[in-house]
Amino acid sequence: MRPFVYEQPNDISAAVAIASRFTTDDEQPTRANAQFIAGGTNLADYMKLGVAVPNRLLDLNRLEEPALRQIRVSDDGIRFGALVRMGEAADHAEVKRRCPVIADSLRLAASGQIRNMASLAGNILQRTRCEYFRETSWPCNKRVPGSGCAAMEGFNRQHAVLGASDACIATYHGDFAQALIALDAVVRAEGSRGARKVPFARLHRLPRDTPHIETDLAADEIITAIEVPAVAWARRSRYLKIRDRESYAFALASAAVALDLDGDSVREARIALGGVATVPWRARAAEAALQDKKLDEASADAAAQAAFADAESRQHNAFKVELGKRTLVRALLETRDMKV
Amino acid sequence: MDAAAPKPGENQGEPLPRIDARLKVTGQAHYPADLPTANIAYGALSTSSIARGRVTKLRLDDARAVPGLLDIVTYGDMDKVEKPKFGNSGATSIGPLHDRTIFHDGQIIALAVAETFEAAEEAAQLIRAEYEEEKPTASFDSPGAKTVDAAGKNPMHKEDVKAGNFDAAYAAAPVRIDARYSTPTQHHNPIELFSTTAFWQGDQLIVHEPTQNVTGWKVELARQLKIDPANVRILSPFIGGAFGSKGPMTPRTAIVAVAAKRLGRPVRCVTSRMQAFGTQTYRAETRHRIRIGAGRDGRITAFAHEGWEVTSRADAYVVAGTSATGRMYDYGSVLTHVSLVEADRNTPGYMRSPPETPYVYALENAMDEMAVTLGMDPVEFRRINEPKVEPIGKKPFSSRSLIQCYDQAADAFGWAKRDPKVGAMRDGDWLVGMGCATAIYPTAAAPCAARVRLTSDGDVRVQCGSHEIGTGVRTVAGQMASERLGVPIDKVNVEMGDSSLPPAPVSGGSISTASVCSAVLKACDAIRTKLSVGATAEGRPLAGSHNEELDFADGKIVAKGGASAKIEDVFKIMQVGAIDEYAEFAPKGATPGALKKLYAGQPEFHGGDHDEDSVKYAFGAEFVEVRINRYTREIRVPRIVGAFAAGRIMNTRTARSQLMGGMIWGIGQALQEATEVDGRYARYVNRDLQDYLVPVNADIRDLQVILVPEVDHAVNPAGVKGLGELGNVGTAAAVASAVYHATGNRIRDLPIRIDQLIA
Ligand SMILES: Cc1cc2nc3c(=O)[nH]c(=O)nc-3n(C[C@H](O)[C@H](O)[C@H](O)COP(=O)(O)OP(=O)(O)OC[C@H]3O[C@@H](n4cnc5c(N)ncnc54)[C@H](O)[C@@H]3O)c2cc1C
Ligand code: SF4
């Protein structure tokens, strides 16, 4: 681990000011000299491994704005402060009642210890776990642009089948993000150029030929809150996560599903897929396939086919296409059968 | 009594809590890298990022510029010491800093030493190597892989066992199977990281390192450093998991010792989890072909087991589990053959039941396939083929309670309720499958020394250079002394893990309890004899009683008729303050030089298939239920039952704990564990516990261990069969059978994951 300067700004504007002093406009947050740290469960790990090499850390945990640590529930929806810990949100009674998919996605992630440390903003910005990204002796376009991609022809069992490019096939592993993109969440950010709202679906960038550009954020922008609108389909919602072991593992495939049903038939469906794509993945074709249909195994299967119509697999991850489909079918049927 | 402390059955000892349990759970047990050491410097390894070639240049300038850097030990600096040797005490013959040749991924290229751990790490990361790269051979099927016969390449495997005429019997058999199986690369990943702390006091070298073999290491390290073994002391009082990984010494130990000498300061090097994959040993991947021929009545007439094992180019590491699989059932004819496949890899090494885990997995999966082919219940199929003598040398088993294990485990599991039809059992969206398999592990023992002292106050000190790797050997050694000397366990203090104590063999091969307890027993009996003589002489309290009739209990010597004398009083009468006995135990069949070899760190193993009179094995039967989701095919294991018979059980709590840990590991081996090797570069890919999966609590639901009573006086004086490595043998085959039963998919390549079931 390399030495670095550690600072604890008092409030958001101080943090932004320091960040903008030590970063430039075109710098990616993950490559900048100064980087924010919240729970540190992702960033500190990657610093130890030499994958992230900031020389200045701005610790957000002392920011004094109380809203950063609050979950506010209103008729408009739920607003999560950026520093709320995963565990708090997962256990929050109103979150569980109004948006089970959110509580589930957090409860099924990581371990109890990590959920107690990790913040919600840090969670959505977590970086890929691609084995070749994590170890600096491999070529990796995301870590060192233009160096190549060792995973492409390597051991790519956990890699993405949706949204991949010729430069990078790394999976976005987070769970919470799938619930957020399904429910049309919005992220609030503050930077040197002011405050703004970013639709969650626009936060993450597809790898294309620039896999090192991961999000829409500037290096001096702090996420302050995540807002989830109140919608009719949030209550009948569920997160299904399939993994190699029962707990403490990333998804091989997952599905976030929210349904508004009229009897048996689908008034509105919201679907996101995890573990299979390079970014949080909204499956709009699958949603459209279900519109006004009776939800049964056949229509669920048709939706799953639509969701994976463009899937491309490689040597070790071909099973994910079929697994992803079945995960979605199961999630749809289980969500249909929820008692709400 | 709760499940963790099973009520002792016949020939089973009390479930005493571990005598070091409190120290461990309160964090007071100092593991070797925790030991506070004054003026310490920290070392960090720099390792190769290629698997084959030469280091042409090492750039050290950036590393040297790190504030706090003290030294870099690299090429040239080890020239005055001997290269390591491959064997029981040495993991590999590769001397990484003796030679610029790179033999494998993650080979040590330098040790950076600094004032702080952080500076050492930073410097190590800044060391840059330039290589002349060659295309490496990763594994089976890789270009350049060289296959050779294993027999004779390693003392562990002298010849391929066989019996009768397999070819003829197989050709004539009305029912036959011929199938191939494989097991993946695995790394031990004990939670305690590997570390070396070394310092010199004059010409005395002291090394704190977690090891399963203090005596062997003392001798081997002295050989490498060209010093007198009497000047080397290895300390390892607590070990946070070993599983074989801390048996043979790796090259790091001598490198750290050299660094400490150069600096004139203690040096501590803790290897990172990632670096351990290349700098320590591992279980290499194996392949198997099994052919079984049987009559329609289910009697096996022909059995062939061919195995292929990966090893390094430098060393012929062999496991050859055919010795056990070839003796498992009443086969009629047996043919076995083991091949080694040399690749550009680090040298593999012992990992919990090294031969049995892969080989018995293949055998038992094949047995289940054969039972299915015959349309026979798999338990019944094994019953039919239960041997009277082992098929290779026609020797009897010293004891064999396999059928009792099957009966008790089947009963507890509810095997009778299983519908044998594939895919017939369901619970909602979950397919239910049930399977079973045999566990076997050779019972061996080795020479061992121990010193036991009993004071007139009734305090006992047991000293033995064995190792508490988590098995509970410290507790059972104390228990043996407590039982023999009639003093409560809390008066017994047990010292282990120090090469200055009486030597014990390497803690491997499940020999520790048998060997250590036999030596402690012998020392205790010598103390008893002295006290008995003291108590029964003319005019003494128990005059007239015979020594053999005396019992030692509750601090008293009790004669047959009920007369007794307090041990305390006997000491007074004898006018002694303490009796101190040093005993050396040698198992039956030991050669005349066996004890000398013990002191030289080269213990002879006896038992298993080595003895003239009988073969000695412990057995078990495991039953597993799996549930597989009908859509997504993930596999869960809600229930597992294992019944095991292993001679005298010293302590039902520690025995259960070992077997439980083994079964849990077996589930992990079946469903999760695998080191992935990138075939293009011969490099390990998933080098941490995020991607190298082992079971978590949520994976293990209802687990039951049954300790089947068994008496075996032939194995050793303590009557103990080792069971530390028994529990994880067979488990993976039982899971594979259950998966077949649930789905009709016969998975032959471990681990069994969704990938294989979803297609
Ligand atoms: C062993 C392990 C298992 C895991 N399993 C799962 C799992 O199953 N599912 C899952 O979803 N996750 C899993 N995780 C990931 C874990 O959830 C994330 O590490 C965690 O949520 C990150 O949050 P943090 O607050 O610790 O972020 P940090 O590590 O502090 O930061 C992460 C990134 O976010 C940036 N950042 C943080 N806060 C802000 C902010 N307010 N504004 C702008 N940038 C910010 C940082 O600069 C950094 O780039 C696992 C992690 C580990 C170590
Ligand atoms: S998949 Fe992406 S992150 Fe992984 S090695 Fe390739 S470029 Fe790097």
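All figures in this text were calculated on a predicted structure; none of them were measured in a lab. (Residues numbered from 1 in each chain as written. Chains lettered and ligands numbered in written order. Predicted model: local features only at pLDDT ≥ 70, side-chain atom pairs only at ≥ 80, totals over all residues. Heavy atoms only, no water.)

**Regarding the environment of Ser456(B)**
Residue and element names in this part refer to chain B.
Part 1: When you line up the elements, Ser 456 lands in the loop between strand S20 (448-455) and strand S21 (460-463).
Part 2: Residue classification places Ser 456 among the partly exposed positions, given a relative accessible area of 24%.
Part 3: In this structure, the C-alpha to C-alpha distance between Ser 456 and Ile 754, residues 298 residues apart in sequence, is 64 Å.
Part 4: With near-sequence residues (within four places) excluded, Ser 456 lies in contact with Glu 568, Phe 571, Val 576 and Gly 577. (Helix = DSSP H or I, 4+ residues; strand = E, 2+ residues; numbered from the N terminus. Buried < 20%, exposed > 50% of the residue type's maximum accessible area, 1.4 Å probe, protein only. Contact = heavy atoms within 4.5 Å.)

**Overview of the interface of chain B and chain A**
Part 1: Residue-level contacts link 38 residues of chain B with 36 residues of chain A.
Part 2: Across the contact surface, chain B and chain A share 8 salt bridges.
Part 3: Asp688(B) is the salt-bridge partner of Arg134(A), the closest N and O atoms lying 2.5 Å from each other.
Part 4: Viewed at the interface, chain A and chain B are joined by 21 residue pairs in polar contact (both at pLDDT 80 or more).
Part 5: When residues of the side of chain B that touches chain A are traced back to their parent elements, those giving at least two are helix H3 (117-126), strand S31 (683-684) and helix H18 (754-758) of chain B.
Part 6: Element by element, the count of residues in the side of chain B that touches chain A is highest for H3(B), at 4 residues.
Part 7: When grouped by side-chain class, the residues that make up the side of chain B that touches chain A number 13 nonpolar, 7 polar and 18 charged. (Salt bridge = Lys/Arg side-chain N within 4 Å of Asp/Glu carboxyl O. Polar contact = N/O pair within 3.5 Å; in protein donor to acceptor, adjacent residues only side chain to side chain. Nonpolar A, V, L, I, M, F, W, Y, C, P; charged D, E, K, R; others polar.)

**Considering the nonpolar core**
Part 1: Grouped together as the largest cluster of nonpolar side chains are 91 residues, with contacts concentrated most on Ile292(B), Phe623(B), Val626(B), Val739(B) and Ile752(B).
Part 2: At 9 residues, helix H9 (residues 356-374) of chain B tops the list of elements feeding residues into this core.
Part 3: Residue contacts for Ile292(B): discarding those within four places in its chain leaves Tyr170(B), Val175(B), Arg176(B), Ile177(B), Ile300(B), Ala302(B), Phe303(B), Ala366(B), Met367(B) and Met370(B).
Part 4: Grouped together as the second largest cluster of nonpolar side chains are 56 residues, Leu83(A), Ala118(A), Ala185(A) and Trp233(A) included. (Core = buried A, V, L, I, M, F, W, Y, C linked by side-chain atoms within 4.5 Å.)

**Some points on the domain arrangement of chain B**
All names here are of chain B.
Part 1: On domain assignment, one finds that chain B holds domain 1 (1-30 + 355-443 + 608-759), domain 2 (36-136 + 192-279) and domain 3 (445-604).
Part 2: Measuring from the centre of the C-alpha atoms in domain 1 to the corresponding centre in domain 2 gives 37 Å.
Part 3: Each partner contributes to the interface: domain 1 provides 17 residues, whereas domain 2 provides 12 residues.
Part 4: When domain 1 packs against domain 2, close to 1400 Å² is buried across both sides, 64% of that on carbon and sulfur atoms.
Part 5: For the domain 1 face of the interface with domain 2, the top three residues by lost area are His 30, Arg 683 and Arg 687, together amounting to 40%.
Part 6: Summed over the shared surface of domain 1 and domain 2, the number is 1 salt bridge.
Part 7: Ionic pairing is found between Arg 683 and Asp 105, a salt bridge with its closest N-O pair at 3.1 Å.
Part 8: Counting across the domain 1 and domain 2 interface gives 5 residue pairs in polar contact (both at pLDDT 80 or more).
Part 9: Those elements giving two or more residues to the side of domain 1 that touches domain 2 turn out to be helix H1 (21-25) and S31.
Part 10: When grouped by side-chain class, the residues that make up the side of domain 1 that touches domain 2 number 8 nonpolar, 3 polar and 6 charged. (Domains from an automatic or database assignment. Buried area = accessible area lost by both parts, 1.4 Å probe.)

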